[in-house]
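As a plain string of letters, each chain reads:
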Amino acid sequence: MLQGRIVFHRLKKPEKDYAGVSRRMFLMTTAMAGVTVGTMTAGVRPGLAAALDDQQSAQLLRMVQDIYPHPDLLPLSAYEDVVATVLAGMDNDESAAKAVREGLTQLNAMAQEIYGSAYADIEDPDAREGLLRTVENEGFFQGIRWKAYFGIYDNKELWPLFGYEGSSVEHGGYIDRGFSDITFVPQGPTLEERLAEVQN
Amino acid sequence: MTQFDLNDDTVVVIIGSGAGGGTLANELAQKGIKSVVLEAGKRFDFGDIENDEWAMFNKISWLDKRYSAGGWHGAVNHPNLPAWIVKGFGGSTVHWAGVSLRLKDYEFKTRTTYGEIAGANVEDWPVSLEEMVPWYEKAELKMGVTGKTTGMPHLPWNNGFRVLAEGCRRTGRTDYNSGPMAINSVERDDRPSCQQIGFCMQGCAIGAKWSTMYTELPRAEETGNCEIRTEAMALKIEHDESGKVTGVVYADADGNQHLQKARVVCVAGNTIESPRLLLNSASSMFPDGLANSSGQVGKNYMTHTTAGCYAVLPEKVHMFRGTSVAGIVGDEVKDVPSRGFNGGYYLEFLSLGLPFMAAFLEPGNTGWGRSVARALEQYDQMSGVWICGEDMAQEQNGVTLHESEVDQYGLPVPVVAKTPHNNDYEMTSHAYETTAQIYEAVGATDVYELPAYPASHNMGTNRMHADPSKGVVNAHGQSHDIANLFVSDGSQFTSSGACNPTLTIVALAIRQAEYLAQEMGAGNI
């Protein structure tokens, strides 16, 4: 009841084929992952390459995508930026870096044991999320998770993709910019009606 | 600006500059009574206010070390943020949303109305609604509350509230409206009308929402009767051999300690810091802390029974456009024990920006993954409420001092314990169901139930009671034990009621100023 869990509505409509969409995106992004992270870490930010090898960078990118998966909404670069933030944090904190490397190794070992393949090569997103759930209370995971949270949901560049418009004071507020523009429910009371109800 | 000497023992020292302390300072100043306000936080102005949830959270929140404890989920998920309140000039009136409801008659008489509730410590206030009505009216005029007292119309309805209101209409409800709010719907009192900016709880960028930051505090200073010292953290209240309080020791921005002498001390540091200060002021004469002969200082901590509930609608809503709390549903505020719980609750439309929705949809270590991401992809189709209901006082809920750990001032860190009563669970469950029914009636496809946020409504830890053995202060906020020591914030509340506490805090502060003037004039204190 007061636990920190999402409770889905009891009349929830049958879901669209979310997993199918997700899987197609997964195949595409995985194919790109090794290349883009390798390019980013080796080319654009050479100083970061030491934090993780290419295989672990690709695994981290897959993991960040699985933490907040928006395959149809966000560009891969949004997740690559999160990976870059994690790598930069590792450069500045050797004990955190060690925890991330060990965490990724542990995750892959678990993936090999249960599914016979590396974490990033598991095709079923539910299976990957299930593996992550087993490490969700560990510091390395939450460190990456919160970097992903801020990189995605507190990122003004990405807000428009979620339909969030953010700061309004510099535009004079929303008073002339759609604060009451929906049409699927009735209008609210007019100024005259609102005045009448408070004046005796 | 006026400065008072540290040795001036004719001043009233007020600790805190929020709804209680800020109002009291200005009321006293207008009556010609001199005061020094000690505000722990920095002096903010409009230039500090941004439309950015995390930037403002980091800038204005009270983030000194605290521990969450007890059985509520926050003891795990928000271990160092039991409460979401402000450290700064204006206190939590910078952050408050503006909801200005009066307690109901029965909410002042909870013991009489509910009888004894097992596991709770429910009592009657020593004041009634009837006695409070004129003070509520003064508060509404001061703050500019939309409604009949001021004649100011309630605010225009925004998208998010229109969805909620239509659900209310279709489910046969009658008590839902876009007020009363202490937000100007027209220009009033040298402040502009609301521009539907949103971000009310990050500080109103234009001053349409009442806050002591740009009303009571500068007006008090202008009289020359009030000095407000910011970055002045009260550490200890001193007393003499007769037991009367004589001054307050505080630390300035550089950590240097000073003693400001006082004729009267009024504590208004919010419901965690106020009892903490009284407990930290223990002496050989008062070994359990000041004003604590009842043993009730720091106990009966109430936060309201709260939760969030957000529905996904079939079309775009853009709930973030406009006033953050844009409307209130009031028809569940009644005591109907056959519902399985005592007391009632409001449903208050509340927009969250994407960052806070993503943080609070499922707080804690589990709040990630496909279910969370899927919900957040529907962010722009959401409307939702904050559930705000009566919370039962319980002795086990309260503020205690950490045994060994101290903060940057060398004071023991407060441990804030909160375990919901069964009444809270029953009420929350009822409120989730009610909210779901309302939104279903307008075609909601999903409804998400969010657990309580860190509390912005904090009450009860220095409660009023007619009987000195059951409460800390009398009906005027004057401590039963020490005649010149007052409590001036929400920690005075005997019951939480269902409504947001600020209007009642302001009404009590206006009333207390009148009482102080009378008692000081008569030479009684």
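Reading the values: the criteria
- Residues numbered from 1 in each chain as written.
- Chains lettered and ligands numbered in written order.
- Predicted model: local features only at pLDDT ≥ 70, side-chain atom pairs only at ≥ 80, totals over all residues.
- Helix = DSSP H or I, 4+ residues; strand = E, 2+ residues; numbered from the N terminus.
- Expected span 1.5 Å × (residues − 1).
- Buried ≥ 20, exposed ≤ 12 C-beta atoms within 10 Å, placed from the backbone.
- Contact = placed C-beta atoms within 7 Å.
- Pairing = 2+ DSSP bridges.
- Axes fitted to C-alpha atoms, helices over the stretch in contact; angles between N-to-C directions.
- Parallel < 35°, antiparallel > 145°, perpendicular 65-115°, else oblique.
- Nonpolar A, V, L, I, M, F, W, Y, C, P; charged D, E, K, R; others polar.
- UniProt positions renumbered as here; feature names shortened; annotations may be inferred.

A. Spatial organisation of helix α1 (residues 19–30) of chain B. All names here are of chain B. Under the 1.5 Å per step criterion, the end-to-end length of α1 is 17 Å for 12 residues, consistent within 8% with the ideal 16 Å. Most of α1 sits out of view: 11 of its 12 residues are buried. Within the span of α1, buried status applies to Ala19, Gly20, Gly21, Gly22, Thr23, Leu24, Ala25, Asn26, Glu27, Leu28 and Ala29. Contact partners of the buried residues in α1: β1 (12–15), β2 (35–38), α7 (216–222), β5 (226–229), β9 (264–267) and α12 (502–521).

B. Looking closely at the sheet that holds strand β8 (residues 257–261) of chain B. Residues and elements named next belong to chain B. Taken in spatial order, the three strands make up an open sheet running β6-β7-β8, and their pairing is antiparallel. Each of the sheet's edge strands pairs with one partner strand only, and the pair in question is β6 (233–239) and β8. Neighbouring strand axes in the sheet, compared pairwise and without regard to direction, differ in orientation by 25° on average. Direction of pairing for β6 relative to strand β7 (residues 245–251): antiparallel, over a ladder of six bridges. Considered in β7, the bridge of Glu238 is made with Gly247.

C. Structural detail: the packing of helix α5 (residues 129–143) of chain B against α12 of chain B. All names here are of chain B. It is the contact of α5 with α12, at a shortest axis distance of 8 Å, that shows an interaxial angle of 105°. Put simply, α5 runs roughly perpendicular to α12. Residues Met132, Trp135, Tyr136, Lys138, Ala139, Lys142 and Met143 of α5 touch α12, and the partners they reach there are Leu503, Val506, Ala507, Ile510 and Arg511. When its residues are assigned to classes, the contact of α5 with α12 shows nine nonpolar, no polar and three charged.

D. Here's a closer look at the UniProt feature "domain: Glucose-methanol-choline oxidoreductase C-terminal" (unreviewed entry) in chain B. Following the UniProt record, one finds the feature "domain: Glucose-methanol-choline oxidoreductase C-terminal" (unreviewed entry) at residues 395–509 of chain B. Taken end to end, residues 395–509 of chain B is 23% helix and 20% strand, and its first and last C-alpha atoms sit 26 Å apart.

E. Spotlight on the sheet that holds strand β15 (residues 412–417) of chain B. All names here are of chain B. Pairing is mixed in the open sheet, where three strands are placed in the order β3-β15-β14. Looking at the sheet topology across the chains shown, the edges are occupied by β3 (67–69) and β14 (398–406). Within this sheet the neighbouring strands show an average axis-to-axis angle of 35°, counted without direction. Alignment of β14 against β15, held across five bridges, turns out to be antiparallel. Bridge pairing in β15 links Gly398 to Ala417. Against the sheet, helix α8 (residues 270–280) engages β14 and β15, with an angle of about 60° to β14.

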